[in-house]
Amino acid sequence: MNTQNTPVHITLWHKGFWWLSFANLFVTMSIYALVPVMPSWLMQYEHFSSWYTGVSMGSFAFGLFFFGCFCSYMVQRYRRNLVCVSSILLMALLISVIFYLHDNHITMVDVWAIIIQRFFLGAVFGLAKMVLSSTLIVDTSESFQRTEANHCTSWFARFAISIGPLVGLLVNHHFGFGGVLVCSVALCLLAVVLICLVDFPFRAPEDNVSMFSLDRFFLPHGFPLFVNIAIISTAIGLIMSVELEYTFYGMLMVGFFLALLSQRFVFINAELKSEVVTGLILIGAALLLMITRHVLIVNYAAPTMIGMGIGVVGARFLLFFIKLSRHCQRGTSQSTYILGWEAGIALGIGIGYSAFNGTAESVLPVSLALVLVSLAVYILFTHRWFLNNKNR
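Residues numbered from 1 in each chain as written. Predicted model: local features only at pLDDT ≥ 70, side-chain atom pairs only at ≥ 80, totals over all residues. Heavy atoms only, no water.

**Student:** I'd like to hear about the pattern of salt bridges, residue by residue, with values.
**Tutor:** Applying the stated rule across the entire model yields three salt bridges. With its nearest N and O atoms 3.8 Å apart, the salt bridge here joins D215 to R216. Among the residues examined, D215 registers a relative accessible area of 29% and is labelled partly exposed. Taking the relative accessible area as the measure of exposure, R216 reaches 17% and is therefore buried. (Salt bridge = Lys/Arg side-chain N within 4 Å of Asp/Glu carboxyl O. Buried < 20%, exposed > 50% of the residue type's maximum accessible area, 1.4 Å probe, protein only.)

Below is the structure:
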């Protein structure tokens, strides 16, 4: 049977690894805390139409790729931890621009100012995530523990998808949108402090480093996996464009915990295809419940199923990328996975607002259709292609 399991080594969880894992959590939370509240601010305070709100939120997806081809050069030319820290500080600065507009009651801001702000926020977030996941975390782990390290730290970022919006909603309820922005900046600064606590040995730069490179950025022969995960995450982004309550994100977190348990006890020796298929079926079934049923139990069951599906599918695709990579391409595979996942979610949020005004009646059927398409693509093509092209 084609099975795949990730072992657990207690020695991996040293102090530096904990700091970097929580830095990954906080920097991702700083972005997702804005997701449920910023669109409302744009439409109600800045008087944006749903179209321009969606374009503004979606521009984040395109910004993620902006610094990608320079990532390898910057990591080689400068201290890799300083590149990551600088990127996160720029994130805090860009979020502070929105705080300045809000705190000074500046309304009717030109739409292009917000689009550019979101684009460059995506750019520096993408650079920070690529350096943190593909370089810093890998460099602080033993060679035989690096797959486990990537797997574990990705779960911290995955939990940010539920914790970030939950924190954003709670802070917005008590302190308003300005409080959410302050919280987001504080999370960035906390991530910077944690990274600075980790000691990274100096490495001399390689000779003749090219300024433009796909290294640590994008894995060309992983394009089919990239497309498949991007379709799935776009469906998730569409769901997040709907106005959701605290309960949704709380139960989403419960689903993540169930996904973690299922990987250890349900799928530990299961056939390789079963995880992605099961995860997508869970997400599809949850969407069907949300579309056709309007009873209280659906408010708890559906997000739990979606969380479990996201957790199982996301973790498995990450390992697919790692096993597809060739020698010295682990970091590149990590970045490709991050770009596909984060860009898909941001694009889904943008489409949800610009095309469907964030209304559940319109968004959820489209999300379900994308889940079914991604399931068909995976079963009919991606899985067999992966088995024929994997290198580990």
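**Student:** If you had to explain a nonpolar patch on the surface to someone new, which residues and values would you point to?
**Tutor:** Judged by side-chain polarity, V254, L258, L261, F265 and V266 come together as a nonpolar surface patch covering roughly 490 Å² of accessible area. Topologically, V254 is positioned in helix α9 (residues 246-265). With relative accessibility at 35%, the residue V254 sits in the partly exposed group. (Patch = residues over 30% accessible without salt bridge, like charges linked within 9 Å, V, L, I, M, F, W, Y side chains within 5 Å. Areas by Shrake-Rupley, 256 points an atom, 1.4 Å probe, with all protein chains shown as cover. Helix = DSSP H or I, 4+ residues; strand = E, 2+ residues; numbered from the N terminus.)

**Student:** Hey, could you go over the side chain of S233 for me, with residue numbers and the actual values?
**Tutor:** Relative to the helices and strands, S233 resides in helix α8 (residues 223-240). Residues contacting S233, with those up to four places away along its chain left out, are G340, W341, G344 and I345. (Contact = heavy atoms within 4.5 Å.)

**Student:** Break down the environment of A92 for me, citing the residues and quoting the values.
**Tutor:** By secondary structure assignment, the location of A92 is in helix α5 (residues 80-103). Separated by 286 residues in the primary sequence, A92 and Y378 have C-alpha atoms spaced 38 Å apart. With near-sequence residues (within four places) excluded, A92 lies in contact with V185 and C188.

**Student:** Would you mind going over unusual backbone geometry in detail, with residue names and values included?
**Tutor:** Positive phi outside glycine occurs at M108, with the angle close to 60°. With respect to the element layout, M108 can be found in the loop between α5 and α6 (111-139). Its relative accessible area of 59% is what places M108 among the exposed residues. The phi dihedral of R216 falls on the positive side, at around 65°, and the residue is not glycine. Tracing the chain through its elements places R216 in the loop between α7 (146-196) and α8.

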